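In case you want the letters, here they are:
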Amino acid sequence: MAAEQSLDGQSAIVTGASSGIGEATAHALAEDGANVALAARREERLESIAADLDDAHGVDTLVAPTNVRDEDAVDALVEETVDAFGGLDLLVNNVGVVAGDSVDDLTTEAYRTMMEVNVDGYFFATRAALPHLRESSGTLVFIGSFAGQYPRPFNPVYAATKWWVRGFAKSVSADAGEDDVAVTTINPAEVRSEFASETGESFEDRFDEGAVSEPAEIADAVRFAAKQDPSMVSELDLYRRDKLTFF
Ligand SMILES: NC(=O)c1ccc[n+]([C@@H]2O[C@H](COP(=O)([O-])OP(=O)(O)OC[C@H]3O[C@@H](n4cnc5c(N)ncnc54)[C@H](OP(=O)(O)O)[C@@H]3O)[C@@H](O)[C@H]2O)c1
C-alpha cells in the first residue's frame, strides 16, 4: 500500500480561505490537483483566489461565502461542495479569530465572537462533514495553536478555544478512526498573516519576513497531513526555532 495518496481530483473544503493560512492552503491543495471549496465572509476575495487557482492549476473551485457562526450556512457549504465535486475527501477547519485580551476587560461580545467562530464554527463544519468523510475515508484537519498547548499570560479565552480544538480533534479521532477517517491537528506558533496579535497589530505588520512562520509553511503541513495513507498525522507542531526558548 502507498504511504501517500494523491490529492488529484479530491474534494476539499477550506474555512477561513480568504486570507493567511487558509488562502495558502487552498493554493497548496490545488497545486496537487484537489478541487477546493473556499469558505469565508469576504466574497470578493474568494472570487479572486478562485480565479488564481483556476489559472494556476486548472482545478474546480467553489466560492462559498459563509459565516461559520451560522449553522445553516455551514450545512449548506458542505452540501454544495458535495454536490459540486461529487463527495468530500478533506475538511480543513482553519477559520479563527482573536478579540480583546485579558479576562478582566473582555467584553461579552468579544468572548462570544471567539467562542462562536473558533469553537461553534469547528463543531458545525465537523458535524456536517463527518458522514461524507466516513464515506470517502477522508481527512479532517484542525488548525490549533501553540496557545492551545501551553499556558500564557494573555487572552486566555482565545487560548482556551484552541485547547478545545485540540481536545475535540483527539476525541473525534477516537470516534471516527475506526471508520477510516484521519484526524490531524496542526499547531502553529506565530504566522505572518492578517491575524491580529494581542496589541491589535496584524502579525504580517508586526514581524519581518523570516522572523516567524509564513502561511505557506502551515499550508505545506496541511497538504502533508492530507496525503498520509494508510496512517495519519495525529498532531504536528510548527514553531519558529527559538519559540521554546522565549515563550
Ligand atoms: N497567525 C498566527 O499567528 C496563528 C497562530 C496559531 C494559530 N493560528 C490559527 O490559524 C488559523 C488561520 O489564521 P490566519 O493566521 O490565517 O488568520 P487570518 O489571515 O486572519 O485568517 C482568518 C480567516 O478566518 C475568516 N473568518 C473570520 N471570521 C469568520 C466567520 N465568522 N466566518 C467565516 N470565516 C471567518 C477570515 O475571512 P473573512 O474575514 O473573509 O470571513 C479569514 O479568511 C486560525 O484558526 C488561527 O487561530 C494563527
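Going by the structure above, here's the rest.
Residues numbered from 1 in each chain as written. Predicted model: local features only at pLDDT ≥ 70, side-chain atom pairs only at ≥ 80, totals over all residues. Heavy atoms only, no water.

Asker: Any details on the overall build of the protein chain? Residues and values, ideally.
Answerer: Secondary structure assignment for the protein chain yields 8 helices and 7 strands. For the protein chain, whose C-alpha radius of gyration is 17 Å, the value lies close to the compact-globule estimate of 18 Å for 247 residues. A principal-axis box enclosing the C-alpha atoms of the protein chain has dimensions of 50 × 40 × 35 Å. By the burial criterion, 52% of the 247 residues in the protein chain qualify as buried. Here the analysis covers contacts within the protein chain between residues at least 6 apart in sequence; of these, 69% occur between residues at least 24 apart. When the accessible surface of the protein chain is split by element, carbon and sulfur atoms take 47% of a total near 11,200 Å². Side chains of the protein chain carry 18 positive and 46 negative charges; the gap between the two charge centres is 7 Å. (Helix = DSSP H or I, 4+ residues; strand = E, 2+ residues; numbered from the N terminus. Rg over C-alpha atoms; globule rule 2.2 N^0.38 Å. Buried < 20%, exposed > 50% of the residue type's maximum accessible area, 1.4 Å probe, protein only. Contact = heavy atoms within 4.5 Å. Areas by Shrake-Rupley, 256 points an atom, 1.4 Å probe, with all protein chains shown as cover. Lys, Arg positive; Asp, Glu negative; His and termini not counted. Charge placed at Lys NZ, Arg CZ, Asp CG, Glu CD.)

Asker: Could you give an account of the packing of aromatic side chains, naming the residues involved and the relevant values?
Answerer: A full pass over the atoms with the stated rule returns 9 aromatic pairs. Where Y122 meets F142, the ring centres are 6.1 Å apart and the plane angle is 45°; that geometry is what we call tilted. Linking Y122 in helix α4 (residues 108-136) with F142 in strand β5 (residues 139-143), this pair joins segments that are 20 residues apart in sequence. Residues Y122 and F142 agree in their burial class; the two are buried. Their ring planes at 85° and their centres at 5.4 Å tell us that F203 and F207 sit as a pair that is edge-to-face. (Phe/Tyr/Trp six-rings, centres within 6.5 Å; stacked < 30°, edge-to-face > 60°.)

Asker: Which residues make up the pairing of strand β1 (residues 11-15), and what values do they have?
Answerer: Across the 5 residues of β1, 5 count as buried, placing the element largely inside the fold. What you see with β1 is no split at all: S11, I13 and T15 on one side and A12 and V14 on the other are buried throughout. As paired elements, β1 and strand β2 (residues 35-40) share 5 bridges and run parallel to each other. Bridge assignment links I13 to a residue of β2, and that residue is A37. Once you follow β1 into helix α1 (residues 20-31) and on to β2, the crossover reads as right-handed. (Pairing = 2+ DSSP bridges. Right-handed = clockwise from strand over helix to strand, strands pointing away.)

Asker: So what's going on with the side chain of T139? Residues and values would help.
Answerer: Take T139: it is sitting in strand β5. Here T139 is in contact with Q5, D89, L90, L91, L133, A182, A225 and A226, once residues within four sequence places are set aside.

Asker: For a negative patch on the surface, give the residues involved together with the corresponding values.
Answerer: On the surface, a cluster of negative charge is contributed by D52, D54, D55 and D60. Looking at the element boundaries, D52 is found in helix α2 (residues 43-57). Taking relative accessible area as the criterion, D52 reaches 37% and is therefore assigned partly exposed. (Patch = residues over 30% accessible without salt bridge, like charges linked within 9 Å, V, L, I, M, F, W, Y side chains within 5 Å. Salt bridge = Lys/Arg side-chain N within 4 Å of Asp/Glu carboxyl O.)

Asker: Give me the lowdown on the environment of S19, citing residues and values where you can.
Answerer: Relative to the helices and strands, S19 is located in the loop between β1 and α1. Assessed through its relative accessible area of 15%, S19 is described here as buried. When neighbours within four sequence positions are excluded, S19 is seen to be in contact with R42, R45 and E194.

Asker: Requested: an account of α1, with residues and values cited.
Answerer: Its 12 residues give α1 an end-to-end C-alpha distance of 17 Å, which sits within 8% of 16 Å, the value for a rise of 1.5 Å per residue. Among the 12 residues that make up α1, 9 are buried, leaving the element largely enclosed by the rest of the structure. Every buried residue of α1 is listed here: G20, I21, G22, A24, T25, A26, A28, L29 and A30. Buried positions along α1 lie against β1, β2, α2, β4 (90-93), β6 (182-188) and α7 (215-227). (Expected span 1.5 Å × (residues − 1).)

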